[in-house]
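What follows is the residue order along each chain.
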Amino acid sequence: MKTKPVLTLSDVNAILDAAQKEAEANDWKVTIAVADDGGHLLGLRRLDGAPAMTPDIATQKARSSALGARETQAFEDMINGGRNAFLSAPMQGLLAGGVPVMVEGQMAGTVGVSGVKPDQDVQVAKAGIAAVA
């Protein structure tokens, strides 16, 4: 039987703490979502001042990253590159800001961030992931 890495509650909190630190250092008001490798929410943190829509978007980015097993930037690039049919895919978080948490070459979970520019969302997500990588 195969074994695979999974995110523990301690990992989730470390990701949320590090991502929050990165966001606050830049004065970015975001929501950070952490999901397991199936896209199921494990943790969510909405920073003060983050718009009301960001929890849903961050959660969907994390879910889409898990279901697609890649950064959600790839989906946004496909759509922007003219593959409009991908808009009918059964996923809602098709914008940059969803990033897989890779451990020993396997996806242990994902992080989704919403609230600032796409590259800044990714920066916050990767800062969180670095806490457990």
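Parameters and conventions
Residues numbered from 1 in each chain as written. Predicted model: local features only at pLDDT ≥ 70, side-chain atom pairs only at ≥ 80, totals over all residues. Heavy atoms only, no water. Helix = DSSP H or I, 4+ residues; strand = E, 2+ residues; numbered from the N terminus. Rg over C-alpha atoms; globule rule 2.2 N^0.38 Å. Buried < 20%, exposed > 50% of the residue type's maximum accessible area, 1.4 Å probe, protein only. Contact = heavy atoms within 4.5 Å. Pairing = 2+ DSSP bridges. Salt bridge = Lys/Arg side-chain N within 4 Å of Asp/Glu carboxyl O. Core = buried A, V, L, I, M, F, W, Y, C linked by side-chain atoms within 4.5 Å. Expected span 1.5 Å × (residues − 1).

Regarding its fold elements, the protein chain presents four helices and four strands. Taking 14 Å as the expected radius of gyration for a compact globule of 133 residues, we find that the protein chain reaches 14 Å, a close match to that expectation. For the protein chain, the spread of C-alpha atoms along the principal axes amounts to about 45 × 40 × 20 Å. Every one of the 133 residues in the protein chain was classed for burial, and the buried ones make up 45%. Taking the intrachain contacts of the protein chain between residues at least 6 apart in sequence as the baseline, contacts between residues at least 24 apart amount to 62%.

What follows covers the pairing of strand 3 (residues 98–103). Two elements, strand 3 and strand 4 (residues 106–114), share six bridges in a ladder whose sense is antiparallel. Looking across to strand 4, one finds that Met-102 is bridged to Met-107. Taking the residues that link successive antiparallel strands as the turn, the strand 3-strand 4 hairpin has two residues, and the phi of Glu-104 there is positive, at about 55°.

Looking now at the pairing of strand 1 (residues 31–36). For strand 1, the tally of buried residues reaches five of six residues, placing the bulk of the element in the interior. Hairpin connection, strand 1 to strand 2 (residues 41–46): the antiparallel pair is bridged by four residues, and Gly-39 has positive phi, about 90°.

With respect to the element layout, Thr-72 can be found in the loop between helix 2 (54–68) and helix 3 (73–80). The buried category is assigned to Thr-72, whose relative accessible area is 0%. The residues touching Thr-72, leaving out its near neighbours within four places in the chain, are Lys-61, Ser-64, Ser-65, Gly-93, Leu-94, Leu-95, Ala-96, Gly-97 and Gly-98.

Now for the pattern of salt bridges. Evaluated as defined, the whole model comprises five salt bridges. Residue Asp-37 pairs with Lys-4 through a salt bridge whose shortest N-O separation is 2.6 Å. A residue pair is termed long-range when its members are at least 10 positions apart, and Asp-37 in the loop between strand 1 and strand 2 and Lys-4 in the segment before helix 1 (9–25) qualify at 33 residues. For Asp-37, a relative accessible area of 25% translates into the label partly exposed. By relative accessible area, which is 47% here, Lys-4 ends up partly exposed.

The biggest cluster of nonpolar side chains holds 21 residues, and the ones touching the most others in it are Leu-7, Val-30, Ile-32, Val-34, Val-111, Val-113 and Val-124. Taken together, the elements giving at least two residues each to this core come down to helix 1, strand 1, strand 3, strand 4 and helix 4 (118–130). Sort the elements by how many residues they give to this core and helix 1 lands first, with five residues. Contact partners of Val-34, with chain neighbours within four places excluded, come to Leu-7, Val-12, Ile-15, Leu-16, His-40, Leu-41, Leu-42, Gly-43, Thr-110 and Val-111. If you look at the next biggest cluster of nonpolar residues, it comprises six residues, including Phe-75, Ile-79, Phe-86 and Leu-94.

Taking 1.5 Å per residue, 17 residues should reach 24 Å; helix 1 reaches 24 Å between its end C-alpha atoms and fits that length. Among the residues making up helix 1, those that are buried are Val-12, Ile-15, Leu-16, Ala-18, Ala-19, Gln-20 and Ala-23. In the core, the buried residues of helix 1 are packed alongside strand 1, strand 2, strand 3, strand 4 and helix 4. Backbone geometry just after helix 1 places Asp-27 at a positive phi near 60°.

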